[in-house]
Amino acid sequence: MAQKKNESFRLHIKKTTSPIVIDGVADDAAWKDTEKADDFFMVLPMDNRKATEMSEIRMAYDDKHIYLIATFFNTTKGQNIVESLRRDFNFGKNDNFLLFLDPFNNQTTGFSFGSNAAGAQWDGTMFGGSSIDLNWDSKWISKVVSDEDKWVFEMAVPFKSIRYKDGVKEWGINFSRLDLKASEKSSWTPIPRQFPTASLAYTGVLVWDQPPPSQGSNISVIPYVLSSVSNDLEGESSFDKKVGGDVKIGLTSSLNLDLTVNPDFSQVEVDRQVTNLDRFELFFPEKRQFFLENGDLFANFGYSSIRPFFSRRIGLGVPIRAGARVSGNLNEKWRLGVMDMQTAAVDATGLPSQNFGVLTLQRKVFGRSSIGLMVVNKESINYPQENDSITALYPKFNRNVGLEYNLASSNNMWDGKAFLLKSFSPDDEGNGITQAAHLEYKSRKWNWRIQEESVSENYRAEVGYVPRNGYIKTQSFLGYLFFPKSGQILSHGPTLNTSYYFNEDFERTDNTSYLLYSFAFRNRSSLDFFISDDFVELLSPFDPTRLGKQELAVGTKHRWNAFGWMYASKPQSLFTYTFDGRLGGYYEDGNRTSLTTELGYRFQPFVSLSANLNYNRIKMPAPWNTNEFWLIGSEVDITFTNKLFFSNLFQYNEQSKNFNLNSRFQWRYKPASDLFIVYTNNHLLDPYNGRTWSLTLKLNYWFNP
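Predicted, not measured: the structure shown is a model, and the values here were computed from it. (Residues numbered from 1 in each chain as written. Predicted model: local features only at pLDDT ≥ 70, side-chain atom pairs only at ≥ 80, totals over all residues. Heavy atoms only, no water.)

### Quick word on the overall build of the protein
For step 1, the next point in the chain: Looking only at helices and strands, the protein features two helices and 38 strands.
For step 2, the next point in the chain: Against the compact-globule benchmark of 27 Å for 705 residues, the protein has a radius of gyration of 26 Å, which places it among compact chains.
For step 3, the next point in the chain: With respect to the principal axes defined by its C-alpha atoms, the protein has extents near 75 × 65 × 50 Å.
For step 4, the next point in the chain: Expressed as a percentage of its 705 residues, the buried residues of the protein come to 50%.
For step 5, the next point in the chain: Residue pairs in contact within the protein that sit at least 24 positions apart in sequence constitute 58% of those at least 6 positions apart.
For step 6, the next point in the chain: Of the roughly 30800 Å² of accessible surface on the protein, 57% is carried by carbon and sulfur atoms.
For step 7, the next point in the chain: Side chains of the protein give 76 positive and 79 negative charges; the mean places of these two sets differ by 5 Å. (Helix = DSSP H or I, 4+ residues; strand = E, 2+ residues; numbered from the N terminus. Rg over C-alpha atoms; globule rule 2.2 N^0.38 Å. Buried < 20%, exposed > 50% of the residue type's maximum accessible area, 1.4 Å probe, protein only. Contact = heavy atoms within 4.5 Å. Areas by Shrake-Rupley, 256 points an atom, 1.4 Å probe, with all protein chains shown as cover. Lys, Arg positive; Asp, Glu negative; His and termini not counted. Charge placed at Lys NZ, Arg CZ, Asp CG, Glu CD.)

Given below as structure tokens:
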């Protein structure tokens, strides 16, 4: 409940009546009468001094826009380092500037905008105190101009593109700069090096000369038209045309209503394939735009492996007919999220049409902590009462109700969580409980965490992600860092991590322990070594190769040791690489060797090339014997301008016998309005057969009536 850490850092913003042209040149009259934020603090490599690279920020506003101009002087000479002109770039591989806005001063949620030194835009919604969801796109403009001594970033963000409370004259704000030439990350306010510069607990204050203008009527209509041709496994071609779109309505300046009709997500970036040697379902993140704004209200309840709601369950191989969502801040303490989605029936499988309803309510308590409620309901419509086979495959309903407490200290060093979830289904097999809690501490040198969780065997979250049931788990880790006063090593230190799983009778079923030693170098490269010990008692049959071979029996016990390493080169080089390896035991007294490398080369700022290679060799007794398989991926990312992109992703997965090619052309002809041309080809290799491909043309337009 302590006062905000950097309350004394205050930047005053005044309303201007002079026009500001977004051209990357600070010659507009409006900039002459603005306050300057400068004298940045170094965050990395060490947080006990001022930055060596000088930065200056100025801000202004009028009735429609927030304006910012930032000048970054280059003390360290050389070419600015960027990957490409790709939007929402990789933060650690680009010279960049980021703005963090906390309009509600809750030090938990907000918005981020920025650019790399070549003019590629960055925008995202902030949640969890420092996390940023870059899948969110909004409507704004910017320009970058550079010379040998500096680069200048200028931008204008419409008030209608963000959410804030009327009548409030103070927002949380901070500015971050990464200069890879000098290997320096800096911030306007002082931030301990163990935290990201996005930490809203360490923001300063943006002081308005008068409250920001009321947004008034705030309606955005985003229609799309689409045509596509496709070819299925049987070689039959089809042609499809679709029309649909989204509507965004500002119910208040901080609460938004989103509507979608006949949505299409064909332009969304495809998932990266992975080699799967795990016993449980893998997780792939949500990338569909409709589900993203204030997405943390829905997606962050629970843990990464215990999610009562996971939006990718909606529309999985099933058309979405329509949806509505209300989300945002009711006031400075309350946040609300309500979602309702309707999917179509699938006659071929007997899947009935289904309705998905979600309610989440969150209240801020103490300084930065919160209490949350979530209700998730999945209900089948026009349910076939007499068909036993359908009712067995698709239960009539599944519901989850949960409460959660999130702890976040004012200095960000302590965080924790505790939650309880209850599921409801038509029979006892789906009526269960899960609960979990953790506490974590992070200082410059020490980092530790303790966690426990339990999921009953009959707990069901059909609209969630819970890959494992019927267990009790304890987990902990303890880490320490040393900081040499000189030399190439910036920091180094060990981390000990242990996790134990038990069944509901508290009998151990598996555990993993590993000791990791990490080195961070001053040039931003890193090197890790680890040794591990694993034990598994199988609770269900499992093929350890996932190649369709014989399964190991339930109750069999397996133990092994392994060691490995992870190296990442410095991001300043045009040629970058990582190299990971793992050597050691495996199931049935076998051996597994895994080698992974990622190679990258850029012709900055227009072309970025990358290749990912993963090799696995599993040696076991008969009938599994020795198996080798590759996962190969390569990407060619061409950015003609910061509005014209052409990306190509090739993937070959020898484990799943799949070849995949995805090519995507995007022209952002207006802010947040795009033309997409997408080609996808999936080829199944022996012993499977068949090939599917599609070519899609999609046009959307964002306009405000």
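### Focus on the side chain of D133
For step 1, the next point in the chain: By secondary structure assignment, the location of D133 is in strand 9 (residues 131-133).
For step 2, the next point in the chain: Although buried, D133 forms no salt bridge, and the nearest oppositely charged side chain, R325, lies 8.5 Å from it.
For step 3, the next point in the chain: If we skip the residues at most four places from it in the chain, D133 touches D123, G124, T125, F127 and L292. (Salt bridge = Lys/Arg side-chain N within 4 Å of Asp/Glu carboxyl O.)

### So, the environment of K50
For step 1, the next point in the chain: Residue placement: K50 occurs in the loop between strand 3 (41-44) and strand 4 (55-61).
For step 2, the next point in the chain: A sequence separation of 603 residues divides K50 from N653, and the C-alpha atoms of the two residues are 48 Å apart.
For step 3, the next point in the chain: The residues contacting K50, other than those within four sequence positions of it, are D39, F40, F41 and M42.
For step 4, the next point in the chain: A polar contact of 2.7 Å, which involves the side chain of K50, links it to the side chain of D39. (Polar contact = N/O pair within 3.5 Å; in protein donor to acceptor, adjacent residues only side chain to side chain.)

### Here's the deal with the environment of W414
For step 1, the next point in the chain: On the secondary structure map, W414 appears in strand 23 (residues 414-424).
For step 2, the next point in the chain: Placed 35 residues apart in sequence, W414 and R449 show a C-alpha to C-alpha distance of 9.8 Å.

### Describing the pattern of salt bridges
For step 1, the next point in the chain: Under the counting rule described, the total for this entry stands at 31 salt bridges.
For step 2, the next point in the chain: One salt bridge connects R325 with D258, and the closest N-O pair in it is separated by 3.6 Å. With R325 in strand 18 (residues 320-329) and D258 in strand 17 (residues 255-261), the pair connects residues that are 67 residues apart, well separated along the chain.
For step 3, the next point in the chain: Given a relative accessible area of 1%, R325 falls into the buried group.

### Focus: unusual backbone geometry
For step 1, the next point in the chain: Each neighbour pair has its own omega, and for L44 with P45 the value is 10°, a cis peptide bond.
For step 2, the next point in the chain: Considering the arrangement of structural elements, one finds P45 in the loop between strand 3 and strand 4.
For step 3, the next point in the chain: Residues A622 and P623 are joined by a peptide bond in cis, for which omega reads 10°.
For step 4, the next point in the chain: By secondary structure assignment, the location of P623 is in the loop between strand 33 (607-619) and strand 34 (626-641).

### Description of the packing of aromatic side chains
For step 1, the next point in the chain: If you walk through the whole model with that rule in mind, you get 45 aromatic pairs.
For step 2, the next point in the chain: Taken together, a centroid distance of 6.1 Å and an interplanar angle of 70° make the contact between F310 and Y465 edge-to-face. Note that F310 is positioned in the loop between helix 1 (296-299) and strand 18 and Y465 in the loop between strand 25 (446-455) and strand 26 (471-480), a separation of 155 residues in sequence. For the residue pair F310 and Y465, the accessibility class agrees, reading buried in each case.
For step 3, the next point in the chain: Three or more aromatic residues link up through ring pairs in this structure, and these residues are F9, F41, F72, F97, W151, F153, F175 and W188.
For step 4, the next point in the chain: Directly above the ring of F424 sits K422, whose terminal nitrogen or CZ lies 4.3 Å from the centroid.
For step 5, the next point in the chain: R468 extends its terminal NZ or CZ atom over the ring of Y501, reaching a point 4.1 Å from the ring centre. (Phe/Tyr/Trp six-rings, centres within 6.5 Å; stacked < 30°, edge-to-face > 60°. Lys NZ or Arg CZ within 6 Å of the ring centre and 35° of its normal.)

### Description of the pairing of strand 17
For step 1, the next point in the chain: Counting buried positions along strand 17 gives five out of seven residues, so the element sits mostly inside the fold.
For step 2, the next point in the chain: As judged from the six bridges shared by strand 16 (residues 237-250) and strand 17, these two strands associate in the antiparallel manner. Looking at the pairing, I249 lines up with L257 of strand 17.
For step 3, the next point in the chain: What sits between strand 16 and strand 17 in their antiparallel hairpin is a turn of four residues.
For step 4, the next point in the chain: The pairing of strand 17 with strand 18 spans seven bridges and is antiparallel. By the bridge assignment for strand 18, L257 is matched with V326. (Pairing = 2+ DSSP bridges.)

### A short note on the nonpolar core
For step 1, the next point in the chain: Within the largest apolar cluster, 35 residues are counted, with the highest numbers of intra-cluster contacts made by I57, M59, L68, F97, F153 and F175.
For step 2, the next point in the chain: Of all the secondary structure elements, the ones that give two or more residues to this core are strand 1 (10-15), strand 4, strand 5 (65-73), strand 6 (96-102), strand 7 (110-116), strand 11 (150-158), strand 12 (170-179) and strand 14 (204-208).
For step 3, the next point in the chain: Those residues within four positions of F175 in sequence are excluded, and the remaining contacts are L11, A37, F40, I57, M59, L68, F97, L98, L99, S186, S187 and W188.
For step 4, the next point in the chain: Membership of the second largest hydrophobic core comes to 26 residues, among which are F291, F301, I306 and A461. (Core = buried A, V, L, I, M, F, W, Y, C linked by side-chain atoms within 4.5 Å.)

### Quick look at a nonpolar patch on the surface
For step 1, the next point in the chain: Nonpolar side chains collect at one region of the surface, where L574, F575, Y577, L599, Y601, F603, L609 and V636 lie side by side and expose about 650 Å² of accessible area between them.
For step 2, the next point in the chain: Those elements that place two or more of their residues in the nonpolar patch are strand 31 (575-586) and strand 32 (590-603).
For step 3, the next point in the chain: Ranked by residue count, the leading element in the nonpolar patch is strand 32, at three residues.
For step 4, the next point in the chain: In this structure, V636 sits in strand 34.
For step 5, the next point in the chain: In this structure V636 comes out as partly exposed when scored by relative accessible area, which is 31%. (Patch = residues over 30% accessible without salt bridge, like charges linked within 9 Å, V, L, I, M, F, W, Y side chains within 5 Å.)

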